[in-house]
Every structure is written in C-alpha cells, then in structure tokens.
Amino acid sequence: MPKKGRKIFKERREHVRLPTLHAILEQVELAFYDKGTDGVASPQPAVLVDLSAGGMRLITFLELPQTKELNMVLKLAGGKEMQITGRIAWVKKKGGVFVSGIAFSEISHDDEKRITEMAGDYAACDARIALKLPEVCVESCRARGLCNRPQKETDSQLPFFVV
C-alpha cells in the first residue's frame with residue numbers, strides 16, 4: 001500500500017525504452033528526406049538520448065524540419081539503416097541545442113523487433129547490475145554495439161562461457 005500522499009506511477013509507454021544517455025551516448029546518422037522527391041536525403045548530426053520501437057529522443061544542433069511528417073533514415077552503430085516515418089511530438093530548446101521527441105508512425109516490423117530486443121537486452125543488463133552478478137555483459141546482447149558501460153570493458157576481458 002502506498003504511503004499517504006504518494007501517487008502510484010503508471011507507465012504510459014507502450015514500448016520498452018533503450019535509455020541511451022546514461023550508459024550509451026550515440027551519435028547517429030540521421031537524414032531527412034521528402035517522399036515526393038528522388039529520395040535525396042539531407043543529413044543532420046544528432047545525438048540519440050533514448051530509443052524505443054515507438055519513438056526516440058534526440059539532441060540536435062539545428063532545429064528539425066518544420067513539417068507534419070518526418071521521413072528519416074536512422075543508422076545505429078553496427079546496424080543497418082532503418083527507414084522510419086514519424087512526427088515531432090515535442091521540442092525543447094536548451095542553450096544552443098534542441099531536444100526533440102519523435103513519435104514513430106511507420107517503422108518496419110523487423111526494425112521494431114530489433115529495437116525492442118535491444119531495449120530488452122539492455123534492461124536485462126540493468127537487472128544483472130542490480131543483482132551484482134559477476135558477469136554483466138553477455139555475448140548475445142543485441143545492445144552491445146551501442147553500450148559504453150564500464151562493466152562492458154571489464155567483462156570483455158573475460159572469456160564468455162556457453163552453456
């Protein structure tokens with residue numbers, strides 16, 4: 001039973017989120033293109049703050065295109081390009097950068113599954129850290145290419161055991 005005056009938090013997110021900033025700081029290749037053109041994309045550097053199969057939060061140094069629909073090509077380290085359509089959910093200007101929330105409206109089933117699996121593996125890593133298990137990083141982790149946790153470096157020097 002919650003203490004008096006405390007609110008019960010209900011998660012509103014449908015998809016597991018891969019929180020990138022505290023353990024993963026990922027500069028991403030992000031390009032916006034107009035579906036009506038010949039597909040020529042205009043690249044824009046961005047830093048991925050968090051990612052889920054339903055959307056992402058980005059830090060950009062330029063304001064995102066002012067359009068109803070964003071057609072993007074997202075490339076993560078060690079992964080294939082993902083063609084995604086989304087909309088800007090919110091934008092906050094902080095100093096000289098823009099922090100933006102992008103809600104995905106079109107993403108392939110394979111890309112959605114890949115992002116969900118990465119987020120699940122990352123959450124499992126959090127659980128292993130919380131349980132103080134001796135080996136945090138596992139070879140099968142699908143978020144391994146994006147991770148820069150200090151445990152990864154320590155665990156990468158250890159042999160992986162396959163049972």
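Quick word on the pattern of salt bridges
Link 1 in the chain: Per the stated rule, a full pass over the model turns up six salt bridges.
Link 2 in the chain: The partner of Lys80 in a salt bridge is Asp111, and the shortest N-O contact between them spans 2.9 Å. With Lys80 in the loop between β5 (70–75) and β6 (81–94) and Asp111 in helix α1 (residues 109–130), this pair connects stretches of sequence that are 31 residues apart.
Link 3 in the chain: The exposure class of Lys80 is partly exposed, given its relative accessible area of 48%.
Link 4 in the chain: Looking at Asp111, the relative accessible area reads 3%, which means it is buried.
Link 5 in the chain: For the salt bridge of Arg142 with Asp121, the shortest nitrogen-to-oxygen distance reads 2.9 Å. Here Arg142, found in the loop between α1 and α2 (150–156), pairs with Asp121, found in helix α1; they are 21 residues apart in sequence, far enough to count as distant.
Link 6 in the chain: The buried category is assigned to Asp121, whose relative accessible area is 14%.
Link 7 in the chain: By sharing partners, the salt bridges in this structure join Lys113, Glu117, Asp121 and Arg142 into a single network.

Quick word on α1
Link 1 in the chain: With 22 residues, α1 should cover 32 Å at 1.5 Å per step; its first-to-last C-alpha distance of 31 Å lies within 8% of that length.
Link 2 in the chain: Turning to α1, its buried residues are Asp111, Ile115, Met118, Ala119, Asp121, Tyr122, Cys125 and Arg128.
Link 3 in the chain: Note on α1: the residue one or two positions beyond its end, Lys132, has a positive phi of about 55 degrees.

A closer look at the nonpolar core
Link 1 in the chain: Residues Leu30, Met56, Met72, Leu74 and Leu76 are the most contacted members of the largest nonpolar core, which totals 24 residues.
Link 2 in the chain: Of all elements in the fold, only β2 (26–32), β3 (42–52), β4 (55–60), β5, β6, β7 (97–106) and α1 reach the threshold of two or more residues within this core.
Link 3 in the chain: Setting aside its immediate chain neighbours within four residues, Met72 contacts Leu30, Ala31, Phe32, Tyr33, Met56, Met82, Gln83, Ile84, Thr85, Gly86, Ile102 and Phe104.

Some details on unusual backbone geometry
Link 1 in the chain: Phi is positive for Lys132, which is not a glycine, with a value near 55 degrees.
Link 2 in the chain: Following the sequence through the fold, Lys132 ends up in the loop between α1 and α2.

Quick word on the environment of Ile115
Link 1 in the chain: Along the chain, Ile115 falls in helix α1.
Link 2 in the chain: Given a relative accessible area of 0%, Ile115 falls into the buried group.
Link 3 in the chain: Ile115 sits 27 residues away from Arg142 along the chain, and the two C-alpha atoms are 8.9 Å apart.
Link 4 in the chain: Apart from the residues within four sequence positions on either side, Ile115 is in contact with Leu51, Ser52, Ala53, Met82 and Ile107.

Scoring rules and cut-offs
- Residues numbered from 1 in each chain as written.
- Predicted model: local features only at pLDDT ≥ 70, side-chain atom pairs only at ≥ 80, totals over all residues.
- Heavy atoms only, no water.
- Salt bridge = Lys/Arg side-chain N within 4 Å of Asp/Glu carboxyl O.
- Helix = DSSP H or I, 4+ residues; strand = E, 2+ residues; numbered from the N terminus.
- Buried < 20%, exposed > 50% of the residue type's maximum accessible area, 1.4 Å probe, protein only.
- Expected span 1.5 Å × (residues − 1).
- Core = buried A, V, L, I, M, F, W, Y, C linked by side-chain atoms within 4.5 Å.
- Contact = heavy atoms within 4.5 Å.

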